[in-house]
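This is what each chain is made of:
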Amino acid sequence: MIENTGKGGCLSPLHRRGETAGKGDRMETRPYVAWELMSAFIIDVFKAYGVPEADARICADVLLESDRRGIESHGCNRFKPIYIDRIENGTLLPVTKVEILKETPTTVVMDAHDGMGMVASHRMMEMLIEKARTYGMAGGAIRNSTHFGIAGYWTDMASKEGMIGISGTNARPSIAPTFGVENMMGTNPLTFSLPTDEAFDFCLDCATSIVQRGKIEYYARNGKDTPAGMVIAHDGSTMTDSEGILKALVNGTAALAPLGGIGEEMCGYKGYGYAAVVEILSAALAGGRFMKALTGMDACGKPQMYHLGHFFFVVDPESFMGRETFRKVAGDICRALRDSQKAPGSERIYTAGEKEYLAWLERRDKGVPVNEAVQKELTELRDSLKLPYRFPFEDGAAQE
């Protein structure tokens, strides 16, 4: 969506530090694939797996929006393992049959029937934005859904209309409650997009765990350890082996620490509390499933549907003191924060959404940087489907 509007940024800087080649980051050494080429390829692969073209375009845009913002844990890195592989193993249906279970002038409850979570979420936000435009506020919930990409995509749909967007989703059990070691709740992002009068809106899209599972997948794919203190084993020790962590999360012998960290000393109970808020709203508003029912595995360890839940709220500032007033005040607050006194050795202060906007400016004319693992997945998908594509990294293209 940044590509289409020129406005940007969504996730907190905590999500992308060290991952991309935005201003001030390390120099990028991976080859780039043009946005248009990658988009066309992803759409054609989705179509080959039975996703209708209009739905495939939505899904491709959500995935690429992650890469535009530098959120590589949720972009092309997840195209095959989270979406294509799940379509293949039957835990994600390519055709999304959205059913409206209940609707009022200001609310909607949907059942996605295990189709593409991104498609159901797009329809939900379109409906809520129109309702909020008429009534000032609107809220909705979806049950029996699947991974819906970065939550900030949906809240940004509201902010681009001058409205406030709020969203959250539950997920596979990953987080242990404070003083516990069992993975009970998902990484459960709690996301806000607020329109401003700047080139980018304020958007805070953070997992309520100290690290999201996708970030550990990113570490594993790049042969990196997970920093100590983020994952707790059943014996109470901290784990750092990324591959081992991913296996332990699946078999239930490790858990992610909540935002703040392990125990009370670093206030991990705050992240635990917010994760519980997201879990409750994601499940209870739509009468859906929660926690251990979302593992994606049956009692025999075989893959099954995930049955995730999402919630969404849209508020139109026009029903308060007006959209322009809101934009101006929000912008003034962000500017005051960035202009405040900096810590010794720090060059600048950021507000949420700014680093993602800078990542987009850096990548806009270059394309998507792809590592060797993703390159292999792209070429294998192309060859297996006999699609007529050739990527620049196959031609020994110069790396940036």
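This report concerns the structure included in the present document.

Conventions we followed
- Residues numbered from 1 in each chain as written.
- Predicted model: local features only at pLDDT ≥ 70, side-chain atom pairs only at ≥ 80, totals over all residues.
- Heavy atoms only, no water.
- Pairing = 2+ DSSP bridges.
- Helix = DSSP H or I, 4+ residues; strand = E, 2+ residues; numbered from the N terminus.
- Axes fitted to C-alpha atoms, helices over the stretch in contact; angles between N-to-C directions.
- Contact = heavy atoms within 4.5 Å.
- Core = buried A, V, L, I, M, F, W, Y, C linked by side-chain atoms within 4.5 Å.
- Buried < 20%, exposed > 50% of the residue type's maximum accessible area, 1.4 Å probe, protein only.
- Patch = residues over 30% accessible without salt bridge, like charges linked within 9 Å, V, L, I, M, F, W, Y side chains within 5 Å.
- Areas by Shrake-Rupley, 256 points an atom, 1.4 Å probe, with all protein chains shown as cover.
- Salt bridge = Lys/Arg side-chain N within 4 Å of Asp/Glu carboxyl O.
- Parallel < 35°, antiparallel > 145°, perpendicular 65-115°, else oblique.
- Left-handed = near helix turned anticlockwise from the far one by under 90°.
- Nonpolar A, V, L, I, M, F, W, Y, C, P; charged D, E, K, R; others polar.

A word on the pairing of strand S2 (residues 99–103)
Pairing between S2 and strand S3 (residues 107–111): 4 bridges, direction antiparallel. Looking at S3, one finds that Ile 100 is bridged to Met 110. The turn linking S2 back onto S3 is made up of 3 residues.

Quick word on the sheet that holds strand S6 (residues 190–194)
Ordered in space as S2-S3-S4-S10-S5-S6-S7, the 7 strands form an open sheet in which the pairing is mixed. Taken across any chain shown, the strands that pair with only one partner, and hence form the sheet edges, are S2 and strand S7 (202–206). For this sheet the average axis-to-axis angle between neighbouring strands, irrespective of direction, equals 15 degrees. Bridge analysis of strand S5 (residues 164–169) against S6 gives 4 bridges, and the strand direction is antiparallel. Pairing of Gly 168 across the sheet is with Leu 190, part of S6. Set on the sheet, helix H9 (residues 268–284) makes contact with strand S4 (137–145), S5, S6 and strand S10 (308–315); between it and S10 the angle comes to about 95 degrees.

Section: the nonpolar core
Counting 61 residues, the largest nonpolar core has Met 38, Phe 41, Ile 42, Phe 46, Phe 79, Met 116 and Trp 154 as its most contacted members. In terms of residue count, the dominant contributor to this core is helix H5 (residues 117–135) (9 residues). Residues within four places of Phe 41 in sequence aside, it is in contact with Phe 79, Leu 378, Leu 381, Arg 382, Leu 387, Tyr 389 and Phe 391. Of all hydrophobic cores here, the second largest spans 13 residues; its members include Met 239, Leu 246, Ala 254 and Leu 256.

Comments concerning a nonpolar patch on the surface
Together, Met 137, Phe 320 and Met 321 make up a nonpolar patch on the protein surface, roughly 370 Å² of accessible area in all. Mapping Met 321 onto the fold places it in the loop between S10 and helix H10 (323–338).

A short note on the packing of H5 against helix H6 (residues 151–159)
One way to put it is that H5 packs onto H6 with a least axis distance of 10 Å and a crossing angle of 20 degrees. With respect to H6, the element H5 is oriented roughly parallel. Helix-helix and strand crossings are classified by hand; for H5 and H6 the assignment is right-handed. In this structure, H5 uses Met 118, Ser 121, His 122, Met 125, Glu 126 and Ile 129 to contact H6, whose residues at the interface are Tyr 153, Trp 154, Met 157 and Ala 158. Grouping the amino acids of the contact of H5 with H6 by side-chain chemistry returns 7 nonpolar, 2 polar and 1 charged.

What about the environment of Ala 330?
Within the secondary structure layout, Ala 330 lies in helix H10. A residue is classified by how much of its surface remains accessible, and Ala 330, at 12% relative accessible area, is buried. Separated by 200 residues in sequence, Ala 330 and Glu 130 have C-alpha atoms that sit 23 Å apart.

Topic: the pattern of salt bridges
The tally for this structure, following the rule as stated, stands at 32 salt bridges. Between Arg 68 and Glu 65 there is a salt bridge, and its shortest N-O distance comes to 2.7 Å. Of this pair, Arg 68 and Glu 65 both sit in helix H3 (residues 53–68), separated by 3 residues, roughly a single helical turn. Residue Glu 65 is classed as buried on the basis of its relative accessible area of 0%. Note that Arg 338 and Glu 354 form a salt bridge whose closest N and O atoms lie 3.9 Å from each other. Of this pair, Arg 338 sits in helix H10 while Glu 354 sits in helix H11 (residues 354–363); the two residues are 16 residues apart in sequence, bridging distant segments of the chain. When its relative accessible area of 5% is taken as the criterion, Glu 354 is described as buried. Taken together, the salt bridges that share partners define one network made up of Asp 197, Glu 198, Lys 328, Asp 332, Arg 335, Arg 338, Arg 348 and Glu 354.

Everything listed is a geometric property; what it means functionally is a separate question.
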